[in-house]
Amino acid sequence: MEVNKNSIIAISLSAAVLIVYFCVQQFVFNKKKSADIEPTTVAEQQVESGAADAATTTAADTNTAGELKEATDEPVEVLNEEIYTVETNKFKVVFTNKGGDVKSFELKEHTDSKKAKAEKKDKKDCLVQMAENISDYNRAFSLNLGPNTTSIVNDYFMVKEFPEENGLKKIAFAKNYGTYTLVKQYTFTEDDYMFKLNVIVDGNENFKGLDYASSDSDARISYTLRTSPAIGPYFDKSDRYESRELIVHNGTKAKRIRLSDRQYKKYDKPSTTWLGMGGKYFCELVVPESAGVIQNIYYSTKKENTAVSNSQAYIERKAIGSEDINDAYYIYVGPRSEKELKKYSSAATNGWKFEGYKLKDALHTSTILGWLEIAFKWMLQMINKLVKNWGVSIIIMTILIRLVLFPLTYKSSMGTLKMQEIQPKVQAIQNKYKDNPQKLQEETAKLYQESGYNPMSGCLPMIFQMMALWAMFNLFNNYFEFRGASFVPGWIDDLSVGDSVWSWNKELPFITGLTGNCIRILPIIYLISQLFYGKITQMGGAAAGQTQANMMLMTYGLPIIFSFMFYNAPSGLLLFWTISNLLQMGQQIIINKVVAKKKAEKGNTSNLKHFSKQGKRK
């Protein structure tokens, strides 16, 4: 019995100790919970104050902290990386709980033929990836606590996946840092290329704010939001017809900075409303709900842990005090096309009721000639509605433009003919008054007036033609609708890349560097048309002062050089150039006949005058 009594006492004391331990642990844990996350969150406060509009804070945010509170209250330490996927009609987005970042961002409606070719896959299996170069050191929409030069947040976050509600899909990541909880929440609609990212800092009574020194100024930073390290599709920097650029909008107009390799720079212009990175056909735009929170903007094309350079922007947010914050960013990830971007010009045409930020300014434009591009684009679209083939539309539009420009071409040629006629007299005046510039100018002007020659008659028409051709070049080189558009199946299957009739895998010295590993027909046709055009132009007579060497260079040298330069040009652009050359060649033949006729008439007149003079002498 003595043994049993001692056993009972020991068991009772052990139970008492365990009960006291669990009670104390639960008391401390509950106290910490109430200190870490207040019952009323930033998002709830905004809703109570009436800020539930979709263009500011959506109704989907109303329960953010309450639901995340449940997640962060769970006494579970996350030690492993976990992957989560959200799909809409537009995206397939893969998240990691490390930092609550994006590991993969694919556009479901667009394929990447270049990547498919490089990886020897069917292009249907290679969607356009808008988050290339992902690594443990740099992910899409990752955060730095402090300036962008610090390491990204790489901690494991708790995750909350929300049931779909009112067409919204939402996933949130939360990490408790003792005095505050950091939350990243992503919200998607089913049919938008735009989604919403909320960055929430929810502090307790001991929270003193996020206030870090900037890396190169006196400014104070709370955190840095990064765009994805690079935007798709697959980018080969040897492709001179592709590019990457920083786009920054100040509320009135957009500024574009073409990026070169291995840059790291600060964009120091004031009054930024939104910014992003743009490629030839796709872009990634970040629109802060409150632009006033932006402290600094940096951009980088450095190579990190991959072979491909970044094209990334860093948004440094101003320091915050002890107050809670809920920063909302509307992020567009999709085609750099008017069709998609114009949806965000009116609240009625997108799921976010988003408007007023001029996202269409992210489109390519030649600035001064933008108005002409708009006119040509409208014409091209109207033609394509009738013929339903973008290649045929390019041909028809090029014919129409060349017909309109023909009077200017004719006038310029006639001016050149007149200049050839009076050139001997001009040279005589130059030799006679070479030491008297004022007299030289007066006599030259007098000669022009007597002969009826206007020096601007050759220049102005040429300027108008160059304006039109440059606007068409910029349009055809960047027009999103050409991407994946077939002209002649089996030959030109995609107007946004070069045509191809045969290709090989083996690298050939010199040849591969100039032309790549394929044979294209359009550049050859372009070269032939250029050579014939040069010969036909010579038949019309050499330009004044033009030497034989210059004529040979213009006739043979430049076309050959240009054919190599344009060998890998987009087939839509090269189709325009080739058709334009062929039409210009036909126009030049007509002009040459007119010139020959006028020269013959002048020759007959000259012979009659000579015969008359001889008769008088007799």
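Residues numbered from 1 in each chain as written. Predicted model: local features only at pLDDT ≥ 70, side-chain atom pairs only at ≥ 80, totals over all residues. Heavy atoms only, no water.

Novice: Explain the packing of helix H6 (residues 370-387) against helix H7 (residues 390-432) here, please?
Specialist: The relative placement of two packed helices comes down to the angle between their axes together with the axis-to-axis distance. For the pair H6 and H7, interaxial distance at closest approach is 9 Å and the crossing angle is 125 degrees. Considering the angle they form, H6 stands oblique to H7. Relative to H7, the crossing made by H6 is right-handed. Between H6 and H7, the contacting residues are Phe376, Met379, Leu380, Gln381, Ile383, Asn384 and Val387 on the first element and Trp390, Val392, Ser393, Ile394, Ile396, Met397, Leu400 and Ile401 on the second. (Axes fitted to C-alpha atoms, helices over the stretch in contact; angles between N-to-C directions. Helix = DSSP H or I, 4+ residues; strand = E, 2+ residues; numbered from the N terminus. Parallel < 35°, antiparallel > 145°, perpendicular 65-115°, else oblique. Left-handed = near helix turned anticlockwise from the far one by under 90°. Contact = heavy atoms within 4.5 Å.)

Novice: Would you mind showing me how to read a positive patch on the surface here?
Specialist: A grouping of Lys339, Lys342, Lys385 and Lys388 is seen on the molecular surface, where their side chains present a positively charged patch. Within the secondary structure, lysine 342 is located in the loop between helix H5 (338-341) and H6. With relative accessibility at 46%, the residue lysine 342 sits in the partly exposed group. (Patch = residues over 30% accessible without salt bridge, like charges linked within 9 Å, V, L, I, M, F, W, Y side chains within 5 Å. Areas by Shrake-Rupley, 256 points an atom, 1.4 Å probe, with all protein chains shown as cover. Salt bridge = Lys/Arg side-chain N within 4 Å of Asp/Glu carboxyl O. Lys, Arg positive; Asp, Glu negative; His and termini not counted. Charge placed at Lys NZ, Arg CZ, Asp CG, Glu CD. Buried < 20%, exposed > 50% of the residue type's maximum accessible area, 1.4 Å probe, protein only.)

Novice: Just checking my understanding: could you explain the nonpolar core for this structure?
Specialist: When a protein is soluble and globular, its nonpolar side chains tend to lie buried together. Within the largest apolar cluster, 72 residues are counted, with the highest numbers of intra-cluster contacts made by Phe95, Phe105, Phe141, Tyr186 and Phe195. Core analysis: the next-biggest nonpolar cluster, separate from the first, contains 33 residues, Phe376, Trp390, Ala569 and Leu575 among them. (Core = buried A, V, L, I, M, F, W, Y, C linked by side-chain atoms within 4.5 Å.)

Novice: Looking at this structure, how should I read the packing of aromatic side chains?
Specialist: For any two aromatic rings, the description comes down to two numbers: the centre-to-centre distance and the angle of the planes. In the structure shown here, the tally under the stated rule is 37 aromatic pairs. Measuring from centroid to centroid gives 5.7 Å for tyrosine 332 and tyrosine 344, while their planes differ by 75 degrees, and the two rings are edge-to-face. Separated by 12 residues along the polypeptide, tyrosine 332 in strand E19 (residues 325-335) and tyrosine 344 in the loop between H5 and H6 bring together distant segments of the chain. There is no split in this pair, since tyrosine 332 and tyrosine 344 are both buried. Between the NZ or CZ atom of lysine 302 and the centre of the ring of tyrosine 264, over which it lies, the distance is 4.9 Å. (Phe/Tyr/Trp six-rings, centres within 6.5 Å; stacked < 30°, edge-to-face > 60°. Lys NZ or Arg CZ within 6 Å of the ring centre and 35° of its normal.)

Novice: Where do I start with unusual backbone geometry in this structure?
Specialist: Of all residues except glycine, most have a negative phi; of all peptide bonds, most are trans. Backbone torsion omega between glycine 232 and proline 233 reads 0 degrees, so that peptide bond is classified as cis. Looking at the secondary structure, you find proline 233 in the loop between strand E11 (220-226) and strand E12 (245-249). The backbone of lysine 353 sits at a positive phi, close to 55 degrees, despite the residue not being glycine. In this structure, lysine 353 sits in the loop between H5 and H6. By relative accessible area, lysine 353 is classed as partly exposed at 45%. Phi angles above zero are rare outside glycine, and lysine 358 is one such case at about 60 degrees. Counting through the fold element by element, lysine 358 comes out in the loop between H5 and H6.

Novice: Whenever I open this one, the pattern of salt bridges confuses me. Can you help?
Specialist: Charged atoms that come close allow side chains of opposite charge to pair. Tallied over the entire structure, the rule returns 15 salt bridges. Here lysine 169 and glutamate 190 are joined by a salt bridge, their closest N and O atoms 3.5 Å apart. Taken together, the residues lysine 169 in strand E7 (residues 168-176) and glutamate 190 in the loop between strand E8 (180-189) and strand E9 (194-203) connect sequence positions 21 residues apart. Residue classification places glutamate 190 among the partly exposed positions, given a relative accessible area of 22%. Taken together, the salt bridges that share partners define one network made up of Asp101, Arg139 and Lys184.

Novice: How should I be thinking about the side chain of serine 529 in this particular structure?
Specialist: Summarising the element assignment, serine 529 is placed in helix H11 (residues 522-539). A distance of 3.4 Å separates the side chain of serine 529 from the side chain of asparagine 581, its partner in a polar contact. Not counting residues up to four positions away in its chain, the partners in contact with serine 529 are Asn581, Leu582 and Met585. (Polar contact = N/O pair within 3.5 Å; in protein donor to acceptor, adjacent residues only side chain to side chain.)

Novice: Sorry if this is basic, but what is going on with H6 here?
Specialist: At 3.6 residues per turn, the α-helix brings residues three or four places apart onto the same side. Between its first and last C-alpha atoms H6 spans 26 Å; for 18 residues at 1.5 Å apiece the expected length is 26 Å, and the two agree. Here H6 has its buried residues at Gly370, Leu372, Glu373, Phe376, Lys377, Leu380, Ile383 and Asn384. Around the axis of H6, the buried residues are gathered within 140 degrees of arc, so they sit on the same side. Seen from the buried face of H6, the exposed residues on the opposite side, beyond 90 degrees, are Trp371, Ile374, Trp378, Lys385 and Leu386. Following H6 by one or two positions, lysine 388 has its phi on the positive side, about 60 degrees. (Expected span 1.5 Å × (residues − 1). Arc of directions from axis to C-beta.)

Novice: Looking at this model, I keep getting lost on the sheet that holds E7. Mind explaining?
Specialist: Each strand in a sheet pairs with its neighbour through backbone hydrogen bonds, running either in the same direction (parallel) or in the opposite one (antiparallel). Pairing within the open sheet is antiparallel, and its nine strands lie in the order E6-E7-E8-E9-E19-E16-E15-E12-E13. On the outer flanks of this sheet lie strand E6 (158-161) and strand E13 (254-258), each paired with one strand and no other. Within this sheet the neighbouring strands show an average axis-to-axis angle of 15 degrees, counted without direction. In terms of strand pairing, strand E15 (residues 274-278) meets strand E16 (residues 282-288) through four bridges, oriented antiparallel. From the neighbouring strand, glycine 276 faces E16, where its bridge partner is leucine 285. (Pairing = 2+ DSSP bridges.)

Novice: What should I look at first to understand the sheet that holds strand E3 (residues 101-111) in this one?
Specialist: On the basis of which strands lie adjacent, the open sheet formed by four strands has the order E1-E2-E3-E4 and antiparallel pairing. Looking at strand neighbours, the two that pair on one side only are strand E1 (83-87) and strand E4 (127-129), the edges of this open sheet. Shown here is a sheet whose adjacent strand axes are inclined to one another by a mean of 25 degrees, direction ignored. When E1 meets strand E2 (residues 91-96), the two strands line up antiparallel, connected through five bridges. Within E2, the position partnered with valine 86 by the bridge is valine 93.

Novice: Please clarify how the side chain of serine 496 should be interpreted in this entry.
Specialist: If you trace the backbone, serine 496 turns up in the loop between helix H9 (456-478) and strand E20 (502-503). One polar contact links serine 496 to aspartate 494, side chain to side chain, over a distance of 2.7 Å. For serine 496, the residues in contact, after removing those within four places along its chain, are Lys280, Tyr281, Phe482, Arg483, Gly484, Pro570 and Ser571.

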